[in-house]
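This is what each chain is made of:
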Amino acid sequence: MINNSYNARLDRFSDRVVRGEILSGSGDILAMTNVAQDGSESRYYPYGSMFAHTVGYSTRGKTGIESLANFYLLTSHMNPLEQVYNQLRDKKNPGDNVVTTLDLELQKIAYEGMGDRNGAVVVMEPATGRILAMVSKPDYNPNTIKEDYDSIIEDTDNSSLVNRASQGLYPPGSIFKLVTALEFIREYPDSWQDFTYTCPGVLAVEDYSIRCSGGTAHGTVDLKKAVEKSCNGAFATIGLMLNNESFTHLCDTLLFNQKMPFALASGRSRFNLTADADKWEVLQTAFGQGNTQITPLHAAMIVAAIANGGEMKEPYIIERIENANGQKVQSFASEGSHRVMTGDEAALLKDFMVGVVSEGTGKSVKSKDYQAAAKTGSAQFESGKETHAWFVAFAPADDPKLAISIVLEETGAGGTNAGPIAKKIFDAYLSR
Ligand SMILES: [Zn+2]
């Protein structure tokens, strides 16, 4: 975007317009322009690094919403009389303000909950596609990005400028069992309920051995119990029963291998299981390892679709444009939705996810005030390193208001590490 001629042309608008503000959904200022006595302008981000990747910056090229909404921020819809009056006095007109879907309180809880761990949190409203929070770490301070830029760029180990929430590609680990379960239900509509597997903790298939977490023997499980306990052996067994081609088709309809329908820079999730894939790859893929990769945003969209009865809303982050007096100029909404599963299928997966919270690995979001639905994951990405902790959830199960996706890099088990952040977000939002 930096060298884009369109932006260069827009930048000349700034001779006549003071760049507008970026606001949270309830009017908190996330980005503003201070004008000094001598007329010099500086962009200010009151919450510093908390919104770094989502709001972006405009002082060293443009990223995030600063880039996305550049045109609006540099366009003034003050009433024409006022505009002429300002021009006569050689005074700039105030640019339009961009009201986002972001929720300051939830963003703060997610940001603080992550602490110094790397990864991302995405919070979405399932019925509308509104992004309520989007946090990525490691972060940077947009107020000093101009000075810090070179040293941030040099630090390739951290890649702090990357918005991990929408661009970070991670192995999904056990959260992918929801997708595998859906494929199994589709391929065996009349017999999936009869599935049982007796887990000894380690499953041997030819030369391979598949371990359940900590080598735990889960005993005899059906499909629901296999999801609740996150039994790798059961899912490896299921994986060998699936048709690779139709599994790939399902993943394509869930928007794997597709461009993400989201306005901020986003990665493309990957699922690849060819007809001649070897047994090891099939086994691994069934429980979210193998070659599969997913972004935290995409994981949020899939659980939001389950929460929303099978309808996946395209996520959006700009709610409306207002002039500097707060009068509405333009409104936005989700640009599309995708029927990714039937209502019955969504209800089944929801039932499994409720079981994860009440009986399984997701007890960290158990509450007496609401029923949450969840799936945990601990994704291996490099042998000898701690796993990535995943947690996807929505609540309340019978009338979902929030869908959450969390990944914490090299942090271990998802339920114990990432779950408590989801709990705090649910608690805060659902007690309003
Ligand atoms: Zn097991």
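Model, not experiment: these values are computed from the prediction. (Residues numbered from 1 in each chain as written. Predicted model: local features only at pLDDT ≥ 70, side-chain atom pairs only at ≥ 80, totals over all residues. Heavy atoms only, no water.)

## A short note on the packing of aromatic side chains
Scanning all chains against the criterion turns up 15 aromatic pairs. Between tyrosine 72 and phenylalanine 332 the ring centres are 5.9 Å apart and the planes differ by 75°, which places this aromatic pair in the edge-to-face class. One end of the pair, tyrosine 72, is in helix α4 (residues 70-73); the other, phenylalanine 332, is in the loop between β15 (328-331) and β16 (337-339), with 260 residues separating them in the sequence. With a relative accessible area of 24%, phenylalanine 332 lands in the partly exposed category. Taking 5.0 Å as the distance between ring centres and 55° as the angle between the ring planes, the aromatic pair formed by phenylalanine 247 and phenylalanine 271 counts as tilted. Of this pair, phenylalanine 247 sits in helix α12 (residues 244-253) while phenylalanine 271 sits in the loop between α12 and α13 (279-286), placing them 24 residues apart in sequence. (Phe/Tyr/Trp six-rings, centres within 6.5 Å; stacked < 30°, edge-to-face > 60°. Helix = DSSP H or I, 4+ residues; strand = E, 2+ residues; numbered from the N terminus. Buried < 20%, exposed > 50% of the residue type's maximum accessible area, 1.4 Å probe, protein only.)

## A short note on the sheet that holds β15
On the basis of which strands lie adjacent, the open sheet formed by six strands has the order β4-β3-β2-β6-β14-β15 and mixed pairing. Every other strand in the sheet has two partners, leaving β4 (41-44) and β15 as the edge strands with one partner each. Where strand β6 (residues 97-100) lies against strand β14 (residues 318-322), four bridges are found, and the strand directions are antiparallel. For asparagine 97, the partnering residue across the bridge sits in β14 and is glutamate 322. (Pairing = 2+ DSSP bridges.)

## As for the nonpolar core
Side chains of a nonpolar character, in soluble globular proteins, are inclined to be buried together. Counting 128 residues, the largest nonpolar core has Ile425 and Phe426 as its most contacted members. The element that contributes the greatest number of residues to this core is helix α14 (residues 296-307), accounting for 10 residues. In this structure isoleucine 425 touches Leu106, Ile109, Ala110, Val121, Val123, Leu402 and Ile404, once residues within four positions along its chain are discounted. (Core = buried A, V, L, I, M, F, W, Y, C linked by side-chain atoms within 4.5 Å. Contact = heavy atoms within 4.5 Å.)

## Things to note about the coordination of the zinc ion
By definition of the ideal shapes, four donors in a tetrahedron about a metal sit 109.5 degrees apart, and six donors in an octahedron sit 90 or 180 degrees apart. The coordination sphere of the zinc ion contains the protein donors Cys199 (SG), Cys212 (SG), His218 (ND1) and Cys231 (SG), at a distance range of 2.1 to 2.3 Å. For the zinc ion, the four donor atoms are set out with angles of 108 to 113° between them, so the coordination reads as tetrahedral. For the zinc ion, the donor residues sit on a single chain with the sequence spacing C-x12-C-x5-H-x12-C. Taken as a pair, histidine 218 in the loop between β11 (208-211) and β12 (219-221) and cysteine 231 in the loop between α10 (223-229) and α11 (232-239) lie far apart in primary sequence, 13 residues in all. The same class applies to histidine 218 as to cysteine 231, namely buried. (Donors = N, O, S within 2.8 Å, 3.2 Å for Na, K, Ca; no water. Tetrahedral: all angles 85-135°; square planar, octahedral: opposite > 155°, others 65-115°.)

## Examining the environment of tyrosine 45
Structurally, tyrosine 45 can be placed in the loop between β4 and α2 (52-55). Judged by its relative accessible area of 2%, tyrosine 45 is buried. Taking C-alpha positions, tyrosine 45 is 13 Å from lysine 146, a pair spaced 101 residues apart along the chain. Residue contacts for tyrosine 45: discarding those within four places in its chain leaves Leu30, Ala31, Val55, Gly56, Tyr57, Ser58, Glu66, Pro142 and Asn143.

## Looking at the sheet that holds strand β19 (residues 402-408)
In spatial order, the strands read β8-β7-β19-β18-β17; together these five strands make up an open sheet with antiparallel pairing. Of all strands in the sheet, those bounded by a partner on one side alone are β8 (131-137) and β17 (373-379). With strand direction ignored, the average angle separating the axes of adjacent strands in the sheet is 5°. Here six bridges tie strand β7 (residues 119-124) to β8, and the two strands are oriented antiparallel to one another. Paired with valine 121 across the bridge in β8 is valine 135. Docked against the sheet, helix α6 (residues 104-114) engages β7, β8 and β19, running at close to 25° with respect to β8. (Axes fitted to C-alpha atoms, helices over the stretch in contact; angles between N-to-C directions.)

## Overview of the environment of arginine 320
Its location among the elements puts arginine 320 in strand β14. Sequence spacing of arginine 320 and leucine 73 is 247 residues, and the spatial spacing of their C-alpha atoms is 12 Å. Discounting chain neighbours no more than four positions away, the residues touching arginine 320 are Asn97, Val98, Val99, Lys328, Gln330, Ser331 and Phe332. At a separation of 2.8 Å, a polar atom in the side chain of arginine 320 contacts the side chain of glutamate 322. (Polar contact = N/O pair within 3.5 Å; in protein donor to acceptor, adjacent residues only side chain to side chain.)

## Remarks on the pairing of β19
The element β19 is largely enclosed, with a buried count of seven among its seven residues. Burial of the side chains of β19 extends over both faces: Leu402, Ile404, Ile406 and Leu408 are buried on one face and Ala403, Ser405 and Val407 on the other. Connecting the antiparallel pair strand β18 (residues 388-395) and β19 is a turn made up of six residues.

## Considerations on empty space enclosed by the protein
As enumerated under the stated definition, the model contains two cavities of 30 Å³ or more in all. Considered as a void within the structure, the largest cavity measures approximately 80 Å³ in volume. Forming the walls of the largest cavity are Pro172, Ile175, Phe176, Leu178, Val179, Phe256, Ile294, Ala299, Ile302, Val303 and Val392. Elements supplying a minimum of two residues to the lining of the largest cavity: α9 (177-187) and α14. For the lining of the largest cavity, the element with the highest residue contribution is α14, accounting for three residues. Residues belonging to the lining of the largest cavity are distributed by class as follows: 11 nonpolar, no polar and no charged. The computed volume of the second largest cavity comes to approximately 40 Å³. Forming the boundary of the second largest cavity are Leu178, Val179, Leu182, Leu254, Ile302, Ile306, Met341 and Leu349. Elements supplying a minimum of two residues to the lining of the second largest cavity: α9 and α14. Per-element accounting of the lining of the second largest cavity gives the leading share, three residues, to α9. Its residues assigned to classes, the lining of the second largest cavity shows eight nonpolar, no polar and no charged. (1 Å grid on protein atoms, 1.4 Å probe; cavity = no way out; pocket = protein on both sides within 12 Å on 5 of 7 lines; lining within 4 Å. Points joined across faces, edges and corners; volume = space filled by probe spheres on them. Nonpolar A, V, L, I, M, F, W, Y, C, P; charged D, E, K, R; others polar.)

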